[in-house]
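Chains, contacts and geometry: an overview
Below, each chain spelled out in residue letters.
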Amino acid sequence: MKKLLRRILVTTRDENFMHVIENIEVLVSKVLSIFMVIVILVGIADLGVFIFKELFTVPYGTFNRTLYKVFGLFLNILIALEILENITAYLRKHVFQVELVIVTSLIAVARKIIILDLEKVAGLDIIGLGIAILALSISYLIIRLSNSKDAS
């Protein structure tokens, strides 16, 4: 009887500890969500100022040269939105969604390729980015296929 009571007390303490840890995880996720919203809003403001400056202060016809910077800023905001989606998905389900993480990584690598200055980058770097895209794409395909089998 004494052993049973001890086991119940230990189990209860473990459950209480895990409950405290889960509450801390939720609190941290909420704080990160708020900070990510701030980052997104600042990113949008920065993008707006950059576009305004480029359209109205740069001589006509030179906007094409800075278009890649604009695309990079857009993709930065999309990456931040994906990270926010990762955080809020965790808050909803208390599980990290690997598919969202892979999609976010793909966007980040795509951003890197879009803003890449081919004159300043070595061939090995381009090969590395290609391998990263291939690995992420295969990972995404595997996750999608396993999720579709689970849903069936």
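Predicted, not measured: the structure shown is a model, and the values here were computed from it.

1. Notes on the overall build of the protein chain
- Secondary structure summary: the protein chain contains four helices and zero strands in total.
- Relative to its 152 residues, the protein chain shows a buried fraction of 20%.
- Element-wise, carbon and sulfur atoms account for 70% of the exposed surface of the protein chain, whose accessible area totals about 11500 Å².

2. A short note on the pattern of salt bridges
- For the structure on display, the rule yields two salt bridges.
- For Glu99, the salt bridge identified is with Arg144, shortest N-O distance 3.1 Å. Of this pair, Glu99 sits in helix α3 (residues 98-114) while Arg144 sits in helix α4 (residues 123-151), and the two are 45 residues apart along the sequence.
- When its relative accessible area of 43% is taken as the criterion, Arg144 is described as partly exposed.

3. A closer look at the environment of Tyr90
- Relative to the helices and strands, Tyr90 is located in helix α2 (residues 63-93).
- Accessibility expressed as a relative area gives 8% for Tyr90, which makes it buried.

4. Here's the deal with the nonpolar core
- In terms of nonpolar packing, the biggest core is built from nine residues, these being Met36, Ile40, Leu47, Phe50, Val70, Leu73, Ile77, Ala80 and Leu84.
- Within the residue set of this core, elements represented by two or more residues are α1 (2-57) and α2.
- Of all the elements, α2 adds the most residues to this core, at five residues.
- With five residues, the next largest nonpolar core counts Ile102, Val109, Leu116 and Leu136 among its residues.

5. Description of the environment of Ser139
- Secondary-structure assignment places Ser139 in helix α4.
- For Ser139, a relative accessible area of 30% gives the class partly exposed.
- When the C-alpha atoms of Ser139 and Ile102 are compared, they prove to be 7.4 Å apart, with 37 residues separating the residues in sequence.

6. Thoughts on the side chain of Thr104
- As for its placement among the helices and strands, Thr104 is situated in helix α3.
- In this structure Thr104 comes out as buried when scored by relative accessible area, which is 8%.
- A distance of 3.4 Å separates a polar atom in the side chain of Thr104 from a polar atom in the side chain of Asn86.
- When neighbours within four sequence positions are excluded, Thr104 is seen to be in contact with Ile79, Glu82, Ile83 and Asn86.

7. Focus on α3
- The terminal C-alpha atoms of α3, which comprises 17 residues, lie 24 Å apart, in line with the 24 Å expected from a rise of 1.5 Å per residue.
- Of all the residues in α3, the buried ones are Leu100, Ile102, Thr104, Ile107 and Val109.

8. Here's the deal with the confidence of the model for the protein chain
- Residue-level pLDDT values for the protein chain average 83, and 88% of them are 70 or greater.
- Within the protein chain, α1 has the poorest average pLDDT of any element, 83, and α4 the best, 87.

9. Observations regarding the side chain of Ser33
- Looking at the secondary structure, you find Ser33 in helix α1.
- Non-local contacts of Ser33, meaning those with residues more than four positions away in its chain, are made with Leu84, Ile87, Thr88 and Leu91.

10. Examining the environment of Leu100
- Inspection of the secondary structure puts Leu100 in helix α3.
- Residue classification places Leu100 among the buried residues on the basis of a relative accessible area of 15%.
- In sequence terms Leu100 and Glu85 are 15 residues apart; their C-alpha atoms lie 7.8 Å from each other.
- In contact with Leu100, not counting residues within four places along its chain, are Glu82, Glu85, Asn86 and Ala89.

What counts and how
- Residues numbered from 1 in each chain as written.
- Predicted model: local features only at pLDDT ≥ 70, side-chain atom pairs only at ≥ 80, totals over all residues.
- Heavy atoms only, no water.
- Helix = DSSP H or I, 4+ residues; strand = E, 2+ residues; numbered from the N terminus.
- Buried < 20%, exposed > 50% of the residue type's maximum accessible area, 1.4 Å probe, protein only.
- Areas by Shrake-Rupley, 256 points an atom, 1.4 Å probe, with all protein chains shown as cover.
- Salt bridge = Lys/Arg side-chain N within 4 Å of Asp/Glu carboxyl O.
- Core = buried A, V, L, I, M, F, W, Y, C linked by side-chain atoms within 4.5 Å.
- Polar contact = N/O pair within 3.5 Å; in protein donor to acceptor, adjacent residues only side chain to side chain.
- Contact = heavy atoms within 4.5 Å.
- Expected span 1.5 Å × (residues − 1).
- pLDDT = per-residue confidence, 0-100.

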